[in-house]
Amino acid sequence: MRCRMAEMGYEPGSCAVRMPDGSYKRACQATLKRERGLWHRLIYDACLSRPEDYFSIYQSGCNHSCLKCHSWYFSQVYNGRWYSTEQIAQMCADYLDFVTVWEPRERATMWHATDLCQHCGSCVTSGMRGPLCPGVLRPEQVLLSPQGYGPARNIVSFTGGDLGCCADFYAEAAEKIKDVCGRKVWVLFETNGYGLTPENLDVLQGAVDSFWLDIKAYDERVYRRLCGTTNRWILEAPRELKDRGFVFEVLVLYIPGWVEVDQIASIARLVADVDPWTPFTILAFFPEHKLRHVRSPTLMEMLRAYFTAREVGLKRVKLGNCHVFARTEEEWRLLLGLVGREALG
């Protein structure tokens, strides 16, 4: 299989996957294949995920080699079992039996999950709502999954590794899912945006409903050091998504010494120019993979990033991984007092 991006005139990604014998192959060669008229994908796991509260399909193989990847042990390593798009669709159909919240398409995002639940499980285990509970769900809508308590929403997501450069697979998978599920489910793609070229977005239109766009850095030199490839057309993705009517949200990760307020402000401004109401989450980095030596951001750094994103025009901003930077009762009180519960992802 030749590099799809190179065939379209784009720079190839950083997509080497370590095989069981210690050799390396491009992710599309190692973790994607076509047999008997169907696409097959190497899948590490699939479960009801938290805090997203939807069915997540964790894919092996990726077109990035991010230094901070928390899924490196399957996104950058051959790890999983092969599933056809028909088998993936059947998994999603089985998941529908557990759905407790039916969302409209415009809420087919991770961002909206925290409007419903803060995942403490208190309403189930003690019959009392937790202090951050939005008060929206009934206890019977809150389920225990392998990743904790929360609702089950009618959304399925492709996550972990990312082969958005091979758009035909995602289009076929989404179409199979909707054929089996009777158009009762929304298909979300968690992506680094590298594969979201205009050509690929045209393939995905009408199949995939929404995107979690993880813009990892604004400065291209930083991006290349962090992810192994370019972000040139990734920065154009919000406009391309908006123009095609996709639902989308944007996430950035605050990494001290790598991606700080200046770059987050530039990304926020770019997104605000496209649509100031775009859901925007600033996640706190925690040490992982090849950046285990890098510290997490402080509460003050995250607050500065939050208010800067608001100042450049974004209307819907949340902070995520709050436990990473708010570690004391005093810090939680300060955080809640300054941004409010609704801004905590």
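Residues numbered from 1 in each chain as written. Predicted model: local features only at pLDDT ≥ 70, side-chain atom pairs only at ≥ 80, totals over all residues. Heavy atoms only, no water.

J.: Could you give an account of the overall build of the protein chain, with specific residues and numbers?
T.: Of the regular secondary structure elements, the protein chain holds 13 helices and 14 strands. Taking 20 Å as the expected radius of gyration for a compact globule of 345 residues, we find that the protein chain reaches 19 Å, a close match to that expectation. For the protein chain, the spread of C-alpha atoms along the three principal axes comes to 55 × 45 × 40 Å. Looking at the protein chain residue by residue over its 345 residues, the buried ones come to 61%. With 41 positive and 41 negative side-chain charges, the protein chain shows a spacing of 2 Å between the two charge centroids. (Helix = DSSP H or I, 4+ residues; strand = E, 2+ residues; numbered from the N terminus. Rg over C-alpha atoms; globule rule 2.2 N^0.38 Å. Buried < 20%, exposed > 50% of the residue type's maximum accessible area, 1.4 Å probe, protein only. Lys, Arg positive; Asp, Glu negative; His and termini not counted. Charge placed at Lys NZ, Arg CZ, Asp CG, Glu CD.)

J.: Can you explain the nonpolar core? Please cite residues and give values.
T.: By size, the foremost hydrophobic cluster in this structure holds 112 residues, and its most contacted members are Phe158, Ile177, Phe211, Phe280, Ile282 and Leu335. Those residues in contact with Ile177, other than ones at most four positions away along the chain, are Ile88, Ala89, Cys92, Val156, Phe158, Val185 and Val187. If you look at the next biggest cluster of nonpolar residues, it comprises six residues, including Val101, Cys123, Leu137 and Val142. (Core = buried A, V, L, I, M, F, W, Y, C linked by side-chain atoms within 4.5 Å. Contact = heavy atoms within 4.5 Å.)

J.: Let's hear about the environment of Gly164: which residues, and what values?
T.: With respect to the element layout, Gly164 can be found in the loop between strand E9 (155-160) and helix H6 (167-181). We classify Gly164 as buried; its relative accessible area is 1%. C-alpha separation for the pair Gly164 and Lys315, spaced 151 residues apart in sequence, amounts to 28 Å. When neighbours within four sequence positions are excluded, Gly164 is seen to be in contact with Asn63, Tyr170, Phe189, Gly195 and Asn200.

J.: Account for the pattern of salt bridges, with residues named and values stated.
T.: On inspection of all chains with the given rule, the structure shows 26 salt bridges. Its salt-bridge partner being Lys242, residue Asp275 comes within 2.9 Å of it at the nearest N-O pair. You can see Asp275 sitting in the loop between helix H10 (261-274) and strand E13 (280-284) and its partner Lys242 sitting in helix H9 (residues 237-243), a full 33 residues away along the chain. Each member of the salt-bridge network shares a partner with another, and the members are Glu103, Arg107, Asp115, Arg153 and Lys318. (Salt bridge = Lys/Arg side-chain N within 4 Å of Asp/Glu carboxyl O.)

J.: Go over unusual backbone geometry with me, naming the residues and quoting the values.
T.: In this structure, the amide linkage connecting Arg50 to the following residue, Pro51, adopts the cis form with an omega of 5 degrees. Residue placement: Pro51 occurs in the loop between strand E4 (38-49) and strand E5 (54-59). Unlike most non-glycine residues, His289 shows phi in positive territory, near 50 degrees. By secondary structure assignment, the location of His289 is in the loop between E13 and helix H11 (299-311). Residue classification places His289 among the buried residues on the basis of a relative accessible area of 16%. One non-glycine residue, Asn321, lies in the positive phi region at around 55 degrees. Classification of Asn321 as partly exposed rests on a relative accessible area of 22%.

J.: Break down the environment of Leu344 for me, with residues and values.
T.: Within the element layout of this structure, Leu344 appears in the segment after helix H13 (329-339). Taking C-alpha positions, Leu344 is 7.6 Å from Thr114, a pair spaced 230 residues apart along the chain. The residues contacting Leu344, other than those within four sequence positions of it, are Thr114, Gln118, Leu319, Cys322, Trp332, Leu335, Leu336 and Val339.

J.: Which residues make up the packing of helix H4 (residues 85-96) against H6, and what values do they have?
T.: A packed helix pair is summarised by two numbers, namely the angle formed by the two axes and the spacing between the axes. For the pair H4 and H6, interaxial distance at closest approach is 8 Å and the crossing angle is 45 degrees. Taken together, the axes of H4 and H6 are oblique relative to one another. When you trace H4 past H6, the crossing you get is right-handed. Touching Thr85, Glu86, Ile88, Ala89, Gln90, Cys92, Ala93 and Leu96 of H4 are Phe169, Glu172, Ala173, Lys176, Ile177, Val180 and Cys181, all from H6. Residues of the contact of H4 with H6, tallied by class, amount to ten nonpolar, two polar and three charged. (Axes fitted to C-alpha atoms, helices over the stretch in contact; angles between N-to-C directions. Parallel < 35°, antiparallel > 145°, perpendicular 65-115°, else oblique. Left-handed = near helix turned anticlockwise from the far one by under 90°. Nonpolar A, V, L, I, M, F, W, Y, C, P; charged D, E, K, R; others polar.)

J.: Explain the state of the cysteines residue by residue, including any values.
T.: All told, the structure shown has zero disulfides when counted by the stated rule. Of the cysteine sulfurs around Cys47, a residue in no disulfide, the closest is that of Cys92, at 12 Å. The class of Cys47 is buried, set by a relative accessible area of 10%. Its sulfur unpaired, Cys227 is 3.6 Å from the next cysteine sulfur, which belongs to Cys66. On the accessibility criterion, Cys227 (0% relative accessible area) is buried. (Disulfide = S-S within 2.5 Å.)

J.: Describe in detail the pairing of E5, supporting the description with residues and values.
T.: Looking down a regular strand, the side chains alternate between one sheet face and the other. For E5, the buried fraction is high: six of the six residues fall into the buried class. Turn length for the E4-E5 hairpin, with the two strands adjacent in sequence and antiparallel, is four residues, and the turn residue Asp53 shows positive phi of about 65 degrees. (Pairing = 2+ DSSP bridges.)

J.: Tell me about H4, and please be specific about residues and values.
T.: The end-to-end C-alpha separation of H4 is 17 Å, in line with the 16 Å expected for twelve residues at 1.5 Å each. Looking at H4, one finds that the buried residues are Thr85, Ile88, Ala89, Met91, Cys92, Ala93, Tyr95 and Leu96. Looking at the buried side of H4, the elements it contacts are E4, E5, strand E6 (81-84), E9 and H6. (Expected span 1.5 Å × (residues − 1).)

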